[in-house]
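Here is what each chain is made of, one letter per residue.
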Amino acid sequence: MTGPGASVSLKQLIPAGVCMQCQGCCRFQAQDSPWSPALLAAEQDRLGIIGSKIPLVRDDAADIWYCRYLRVADTACRIYGQRPFECQLYPFLLNRCGKSVFLSLDLHCPYAHRHQQSGSLAEYLDALQQYLEQPLVRQQIKDNPQMIQTYEGVTNLRELAF
Ligand code: SF4
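Reading the values: rules and limits
Residues numbered from 1 in each chain as written. Predicted model: local features only at pLDDT ≥ 70, side-chain atom pairs only at ≥ 80, totals over all residues. Helix = DSSP H or I, 4+ residues; strand = E, 2+ residues; numbered from the N terminus. Rg over C-alpha atoms; globule rule 2.2 N^0.38 Å. Buried ≥ 20, exposed ≤ 12 C-beta atoms within 10 Å, placed from the backbone. Contact = placed C-beta atoms within 7 Å. Near = placed C-beta within 6 Å. Nonpolar A, V, L, I, M, F, W, Y, C, P; charged D, E, K, R; others polar. Pairing = 2+ DSSP bridges. Axes fitted to C-alpha atoms, helices over the stretch in contact; angles between N-to-C directions. Core = buried A, V, L, I, M, F, W, Y, C linked by C-beta atoms within 7 Å. Expected span 1.5 Å × (residues − 1).

Quick look at the overall build of the chain now. When its secondary structure is counted, the chain shows six helices and eight strands. Reading the chain from its N end, one meets helices and strands in the order α-β-α-β-β-β-β-α-β-β-α-α-α-β. Since a compact globule built from 162 residues should have a radius of gyration of about 15 Å, the 15 Å found for the chain is in line with a globular shape. Over its C-alpha atoms, taken along the principal directions, the chain stretches across nearly 45 × 35 × 30 Å. When each of the 162 residues of the chain is scored for burial, the buried share is 23%. Pairs at least 24 apart in sequence give 64% of the contacts found in the chain among residues at least 6 apart.

Next comes the structure, spelled out in structure tokens:
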């Protein structure tokens, strides 16, 4: 794992092929959904996006909004190798609860739901917490407060030392 910045490479829990077969991610019920990916300032520069969120595209027929980088036909991310930090972090999220910040899990992700009690998830969680609490990473996230949001219905797993 490297520090979040212009290009992040977080070790992944979920194999890419599994994500590509799922039609849950990258689609949102509202244009201003808290679930749409927030961008680090460096990612905004890299992607040429003005604003802290990926702009969404409306699909009237399906009555949803989807990420501008989603190739709907085959559920592929057109920038998969360089997708934003928050996309790499999912199904984990940085969840604000009052003054605390939790590393949380979205059990709407079918893979996370199936593996929530697995040893591999627990091991991954340890490594992820360790990564996020490194001083440099923690500072970068603090400098990008848009990365910590409040999510409804997620499972708080670890309180982070933020
Ligand atoms: S950037 Fe890629 S992974 Fe992230 S929401 Fe868009 S399509 Fe999905």
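After that view of the structure, there is still more to cover.
As a structural note, the neighbourhood of the ligand is formed by Cys 25, Cys 26, Pro 37, Ile 54, Cys 67, Tyr 69, Leu 70, Cys 77, Ile 79, Arg 83, Pro 84 and Cys 87. Residues of the shell around the ligand, tallied by class, amount to 11 nonpolar, no polar and one charged.

A separate point is the sheet that holds strand β3 (residues 64–67). One open sheet accounts for three strands, arranged β1-β3-β2; its pairing is antiparallel. What marks the edges here is a single partner per strand, and that holds for β1 (27–28) and β2 (56–59). Here four bridges tie β2 to β3, and the two strands are oriented antiparallel to one another. For Arg 58, the partnering residue across the bridge sits in β3 and is Trp 65.

A few words on the sheet that holds strand β7 (residues 100–105). Reading across from one edge, β6-β7-β8 is the order of the three strands in this open sheet, with antiparallel pairing throughout. With one partner strand each, in any of the chains shown, β6 (92–97) and β8 (155–159) form the two edges of the open sheet. Going across the sheet, the axis of each strand differs from the next one's by a mean of 45°, ignoring polarity. In terms of strand pairing, β7 meets β8 through four bridges, oriented antiparallel. Paired with Ser 104 across the two strands is Asn 156, which belongs to β8.

Grouped burial of nonpolar side chains is what soluble globular proteins tend to show. Counting residues in hydrophobic clusters, the biggest one holds 25 residues, and the most contacted among them are Cys 67, Tyr 90, Phe 92, Leu 94, Leu 103 and Met 147. Those elements that place two or more of their residues in this core are β3, α3 (85–89), β6, β7 and α5 (119–132). When residues in this core are grouped by element, the largest group, four residues, is from β7. The residues touching Leu 103, leaving out its near neighbours within four places in the chain, are Phe 92, Leu 94, Leu 128, Gln 129, Leu 132, Leu 157, Arg 158 and Leu 160.

Once that is clear, we can look at the pairing of β7. Most of β7 sits out of view: five of its six residues are buried. Alignment of β6 against β7, held across six bridges, turns out to be antiparallel. Each residue of the ladder has a partner; that of Arg 96, found in β7, is Val 101. The hairpin formed by β6 and β7 contains two residues between the paired strands, and Gly 98 there has a positive phi angle of roughly 60°.

Attention now goes to α5. Counted at 1.5 Å a residue, the expected span for α5 with its 14 residues is 20 Å, and the 20 Å between its end C-alpha atoms agrees. Close packing links the buried residues of α5 with β6, β7, α4 (110–115) and α6 (135–142).

Geometry only, nothing functional implied.
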